[in-house]
Amino acid sequence: MISTISVVDLAERVRQQVKPERYEHILRVAELAAEIARANALDVEKIYLAAILHDAARDLSEQQLTELAPPEIALERNHPLSLHGRAGRKLAEQWGIEDEEVLEAIEGHVYGVRPEHRIGMALYVADVSEPGRGVNQDIRDLALSGRLEEAYQKAVLCKVKYLQSKGIEPHPRTLAAYKAIMEQRGEDC
Ligand SMILES: Nc1ncnc2c1ncn2[C@@H]1O[C@H](COP(=O)(O)OP(=O)(O)O)[C@@H](O)[C@H]1O
């Protein structure tokens, strides 16, 4: 057992914290994350739990976000919404979740995770490629065909491109993940 509270009760707490359309997104991410887990021999129960909790803080106000997850760098102060992964982790801790892998996955779904963190990678990929977004089907197909690492790499590269196209500086953790991927592929940044 990963949590003393049932996933049904946790889902209900999340539902009360977010807008209805966000909750629909969360359920789609959880379904897809479970499928990705099956396709990549990962712990389905763990990933499903992380996915149900990942956007728990997404609809909080900027003030609530910064109270739960005080900004540590200028980018976080300027984009408090980007703190929702760390703030979501805090909520999960308050609700009794102790599993470090689940907590890291919730925190890492915005900025990216360590390359060996497969649960975190699966959640990251499910979040950016769930069918309701209408984008990133190639990333979803890669993950569902058992090529999670490739899917995650593609997702991080796309995220950096997307942020840059919007004139938003990528978070240092995202840049670190991006550089590690480029080095692994033997490409220049
Ligand atoms: N890696 C990042 N670096 C900097 N800002 C980011 C990063 N990821 C997300 N953000 C910002 O945080 C906010 C939420 O982003 P995101 O989690 O991608 O949205 P969503 O919850 O819709 O998937 C957006 O304002 C986005 O610009």
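Residues numbered from 1 in each chain as written. Predicted model: local features only at pLDDT ≥ 70, side-chain atom pairs only at ≥ 80, totals over all residues. Heavy atoms only, no water.

As recorded in an unreviewed UniProt entry, the protein goes by the name bis(5'-nucleosyl)-tetraphosphatase (symmetrical), listed as coming from Meiothermus hypogaeus NBRC 106114. Looking at the protein in UniProt, the text filed under Catalytic activity (unreviewed entry) is "P(1),P(4)-bis(5'-adenosyl) tetraphosphate + H2O = 2 ADP + 2 H(+)". (UniProt positions renumbered as here; feature names shortened; annotations may be inferred.)

Asks: Explanation requested: the UniProt feature "domain: HD" (unreviewed entry) in the protein in the structure shown.
Replies: In the numbering used here, UniProt assigns the "domain: HD" (unreviewed entry) feature to residues 22–132. Helix makes up 68% of residues 22–132 and strand makes up 0%, while its end C-alpha atoms are separated by 11 Å. (Helix = DSSP H or I, 4+ residues; strand = E, 2+ residues; numbered from the N terminus.)

Asks: Whenever I open this one, unusual backbone geometry confuses me. Can you help?
Replies: Note: most peptide bonds trans; most residues except glycine with negative phi. The residue Ala41 is not glycine, and still its phi comes out positive at about 55°. Its place among the elements puts Ala41 in the loop between helix 2 (20–39) and helix 3 (44–53). The backbone of Asn136 shows a phi angle near 65°, a positive value even though the residue is not glycine. Its location among the elements puts Asn136 in the loop between helix 8 (118–129) and helix 9 (137–144). Under the relative-accessibility criterion, Asn136 is labelled partly exposed at 21%. (Buried < 20%, exposed > 50% of the residue type's maximum accessible area, 1.4 Å probe, protein only.)

Asks: Help me understand the site of the ligand, please; the structure alone is not making it clear to me.
Replies: What surrounds the ligand is a group of 16 residues, the closest being Arg58, Arg133, Lys159, His171 and Thr174. Arg133 is positioned such that a nitrogen or oxygen atom in its side chain is 2.8 Å from an oxygen atom of the ligand. Its free accessible area being 550 Å², the ligand has 84% of it covered by the protein chains. Secondary-structure elements contributing two or more residues to the shell around the ligand are helix 7 (100–111) and helix 10 (148–165). Its residues assigned to classes, the shell around the ligand shows 7 nonpolar, 4 polar and 5 charged. (Near = heavy atom within 4 Å. Polar contact = N/O pair within 3.5 Å; in protein donor to acceptor, adjacent residues only side chain to side chain. Areas by Shrake-Rupley, 256 points an atom, 1.4 Å probe, with all protein chains shown as cover. Nonpolar A, V, L, I, M, F, W, Y, C, P; charged D, E, K, R; others polar.)

Asks: I keep staring at the nonpolar core and nothing clicks. Help me out?
Replies: What tends to happen in soluble globular proteins is that the nonpolar side chains get buried as a cluster. Among the nonpolar cores identified, the biggest contains 62 residues, and Val14, Ile36, Leu53, Trp95, Ile97, Val125 and Tyr152 are the most heavily contacted of them. Those residues in contact with Tyr152, other than ones at most four positions away along the chain, are Gly112, Val113, Met121, Tyr124, Val125 and Ala177. (Core = buried A, V, L, I, M, F, W, Y, C linked by side-chain atoms within 4.5 Å. Contact = heavy atoms within 4.5 Å.)

Asks: For this particular structure, what's the right way to read the packing of aromatic side chains?
Replies: Two numbers describe a pair of aromatic rings. These are the distance of the centres and the angle of the planes. One pass over the full model with this rule turns up 1 aromatic pair. A centroid spacing of 5.3 Å and a plane angle of 75° characterise the contact between Tyr124 and Tyr152, whose relative ring orientation is edge-to-face. Highlighted residues: Tyr124 in helix 8 and Tyr152 in helix 10, separated in sequence by 28 residues. Residue Tyr152 is classed as buried on the basis of its relative accessible area of 4%. (Phe/Tyr/Trp six-rings, centres within 6.5 Å; stacked < 30°, edge-to-face > 60°.)

Asks: When you look at the side chain of Asp127 in this model, what are you seeing that I'm missing?
Replies: Within the element layout of this structure, Asp127 appears in helix 8. Apart from the residues lying within four places of it in its own chain, the contact partners of Asp127 are His25, Val29, His54, His109 and Arg133.

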